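A closer look at the structure
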Amino acid sequence: MLKKQKIYIETYGCQMNVCDSGKVVHLFANLGYQPTSDSRTADLIVINTCSVREKPELKLFSALGRYIPLKRQRPELVIAVGGCVAQQWGRKLLERCPGLDIVFGTHQLDHLPRLVAEVRGSQKALSVTDFLARPGGLEVMASPAPATVSAMVTIMQGCDNFCSYCIVPHVRGREYSRPGSAIVEEVRRLAESGVKEVMLLGQNVNSYGLKASGEISFAELLGQVNEISGIERIRFTTSHPKDMSYELILAFATLPKLCPSLHLPLQAGSDAVLKRMGRGYTAASYLEKVEKLRQVVPDIALTTDIIVGFPGESEADFQQTLTMLEEVGYDQIYSFKYSTRPGTRAADYDDIISDEEKRERLARCQARQNEISQALLRAQVGKIAEVLVSGSSKRGEGEWSGRTPESRIVNFPAPVLTSGKIAAGDLYQVKIVEAFKHSLKGEVVADAGS
Ligand code: 5AD
Ligand code: SF4
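Basis of the calculations
Residues numbered from 1 in each chain as written. Chains lettered and ligands numbered in written order. Predicted model: local features only at pLDDT ≥ 70, side-chain atom pairs only at ≥ 80, totals over all residues. Heavy atoms only, no water. Buried < 20%, exposed > 50% of the residue type's maximum accessible area, 1.4 Å probe, protein only. Helix = DSSP H or I, 4+ residues; strand = E, 2+ residues; numbered from the N terminus. Pairing = 2+ DSSP bridges. Right-handed = clockwise from strand over helix to strand, strands pointing away. Axes fitted to C-alpha atoms, helices over the stretch in contact; angles between N-to-C directions. Salt bridge = Lys/Arg side-chain N within 4 Å of Asp/Glu carboxyl O. Near = heavy atom within 4 Å. Nonpolar A, V, L, I, M, F, W, Y, C, P; charged D, E, K, R; others polar. Contact = heavy atoms within 4.5 Å.

1. Considering the pairing of strand β4 (residues 78–82)
Remember that side chains alternate between the two faces of the sheet whenever the strand is regular. Counted residue by residue, β4 has 5 buried out of 5 residues, so it is predominantly covered. The alternating pattern of β4 places Val-78, Ala-80 and Gly-82 and Ile-79 and Val-81 on opposite faces, both of which are buried. Pairing of strand β3 (residues 44–49) with β4 involves 5 bridges; the strand directions are parallel. In the strand pairing of β4, Asn-48 is matched with Gly-82. Taken together, β3, helix α2 (residues 54–67) and β4 constitute a β-α-β crossover, and its handedness is right-handed. Bridge count between β4 and strand β5 (residues 102–104): 2 bridges; the pairing is parallel. Bridging across to β5, Val-81 finds its partner in Val-103.

2. Comments concerning the sheet that holds strand β13 (residues 301–308)
With respect to topology, 3 strands assemble into an open sheet ordered β12-β13-β14, the strand pairing being parallel. At either end of the open sheet lies a strand with only one pairing partner, and these are β12 (261–263) and β14 (332–337). On average, each strand axis in the sheet is inclined to that of its neighbour by 10°, with strand direction left out of account. Here 3 bridges tie β12 to β13, and the two strands are oriented parallel to one another. Note that in β13 the partner of Leu-262 across the bridge is Leu-302.

3. Quick notes on the pattern of salt bridges
Tallied over the entire structure, the rule returns 27 salt bridges. Among the ionic pairs, Lys-124 bridges to Glu-118, the shortest N-O distance being 3.3 Å. Here Arg-361 ties to Glu-357 by a salt bridge, and the two come within 3.2 Å at their closest N and O atoms. Of this pair, Arg-361 and Glu-357 both sit in helix α13 (residues 355–378), 4 residues apart, which is roughly one turn of that helix. Relative accessible area serves as the criterion here: at 28%, Glu-357 is assigned to the partly exposed category. Connected through shared salt-bridge partners, Asp-160, Arg-174, Glu-175 and Lys-211 make up one network.

4. Some details on the site of ligand 2
Surveying the vicinity of ligand 2 reveals the residues Cys-159, Asn-161, Phe-162, Cys-163, Tyr-165, Cys-166, Val-168, Pro-169, Gln-203, His-240 and Arg-279. Here the shell around ligand 2 is composed, by residue class, of 7 nonpolar, 3 polar and 1 charged.

5. Regarding the environment of Arg-40
Note on placement: Arg-40 falls in the loop between β2 (34–35) and β3. It is 6.9 Å that separates the C-alpha atoms of Arg-40 and Leu-70, two residues lying 30 residues apart in sequence. Residues in contact with Arg-40, not counting those within four places in the same chain, are Leu-70 and Arg-74.

6. A closer look at unusual backbone geometry
Here the residue pair Thr-237 and Thr-238 is connected by a cis peptide bond, since its omega of 10° sits within 30 degrees of zero. In this structure, Thr-238 sits in the loop between β11 (233–237) and α9 (246–254). You will see that Asp-351, though not glycine, has its phi angle at about 65°, which is positive. Relative to the elements of secondary structure, Asp-351 occurs in the loop between β14 and α13. Phi is positive for Ser-407, which is not a glycine, with a value near 80°.

Interpretation note: all reported values are geometric properties and have no functional meaning in isolation.
Written out as C-alpha cells, the structure reads:
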C-alpha cells in the first residue's frame, strides 16, 4: 500500500486565512494527504501568510528559516507560501528564499495541487500570483466538514475601499461576491453535517452583492441563511461602518438566529485622523449607527479594531479614541500600533509617530479598555444566558466551555443531566455566577429546550 503523504499547514492573520487553510487541507485530503501537526514529518509544508502589519510578515521569514533546512533530510519535501505576503512578493520571494518551491497568490488557492505536482521531484520553483475576475478557491469547501459546531463560510473576497493605511485591497484584489445560491447551498451542507453556527466572512460584508447585477443584498442573504434548519446561530465579519445599512440594522431585530454581536471597526476617534485614513465616516456618524443598532437590539455586544499612532495623530486625537471607547462601551477591542505598509497612501504621509509613543498609547488604550471589558463582564453576573457548547474547557477539570449569543465565553461544570451526556453543539441555559478577565463562569439551569 502507498504511504499516505502528510501536509503541515501554518496560518497567520485573519479568520479568512484560517478558512483558506481549511480549504487547502480539504483539497489535499481529496488527494490522499493527511494533516500533521509535526512539520518534520511533512511531505508538503504550506504557510498561509498575512501582510496587514509588519509583524506577521516577519514571522514568515523566520518560519522559512526553520523549514527550508528540513529539505536536507527530506529532499522530496515541497514548501509553498500563499496568502497576502505571497501575493505581494511574487517571484521575488523565490529569489530571496532559495529552497522555497511555490509562491501562490490570493486568487490561486485552487491551483496549489497542480503546482505541487509540477515541482515535486524537479528543480523547478513556481510563482503564480495573477488576479482573476473570479478568485479561485472560493467555491472549495473548507475542511474539516464533519461535525464541528461552528464553521466559517467566505462569502466575498477583496476590498474596494483603499483605506490609506491598508494593504488588503492591494493583495486581495477587487471586491468579488460569491453567488448567494452557492453560499446558501454550502451552509445547508454544513448544517446537514452537524454545524450549528456559521460565521460569514468577507473584508466588507456590508457591500456583499452590491456590485454583482441581480445578486441579493447582504441582509437578504442573512434572511435566507436564517431559514436553514439545523443552523442555530449566524454571525458575520467584517462590517464597514460607512456601509452599515438600516436594512442590515433591522435584520438584527427580524432574524432570530442572527446573534446580537457585531464587530464594527472604528480605527480612530478623531475626525481629522479618520479623514486621513479615508474611512468615510465621522465619530458622530459612527455613534449614530451604534445608537440605531441599540434601539433595535439594546443588548448588542460590540467589538472593534483600533489603530494608534497613525501619522499625525496628536495626543488630543488619541484622547478622542479613548472617549469613543467610553461612549460605545465595547465588549472587546483589537488594538494595533500603526505599521507602515509599502505601497499604501499612508506610507507617503509624514509626521510619523515614534515607536515609543505608539507603544505608550497602545498600553493606555488597552488599559482603559480592560476596565470597560471587566465592568461589562461583571454586569453579566446573576443573568441567565443561552450557551452553545463548543467543547471541554481549556482549563480541563471536567469543565465545559461555550459562548453566549453575544459571543462571551462561559465555562461551566458538567451538570447532572436528565437527558444523557453533554456534548459540543448542545444548548443550555446557564446562570452566570462569576466574571474573570476574559471569560465568565456559569452553572447550568436547564437544557435550552426545557
Ligand atoms: N497598521 C496597523 N494596523 C492595521 N490594520 C490594517 N492595516 C494596518 C496597518 N497598516 C488593522 C485595522 C484593521 C485590522 C484588520 O488590522 O485595524 O481593521
Ligand atoms: Fe482594509 Fe479598509 Fe478594506 Fe478594511 S475596508 S480591508 S481596512 S481597505
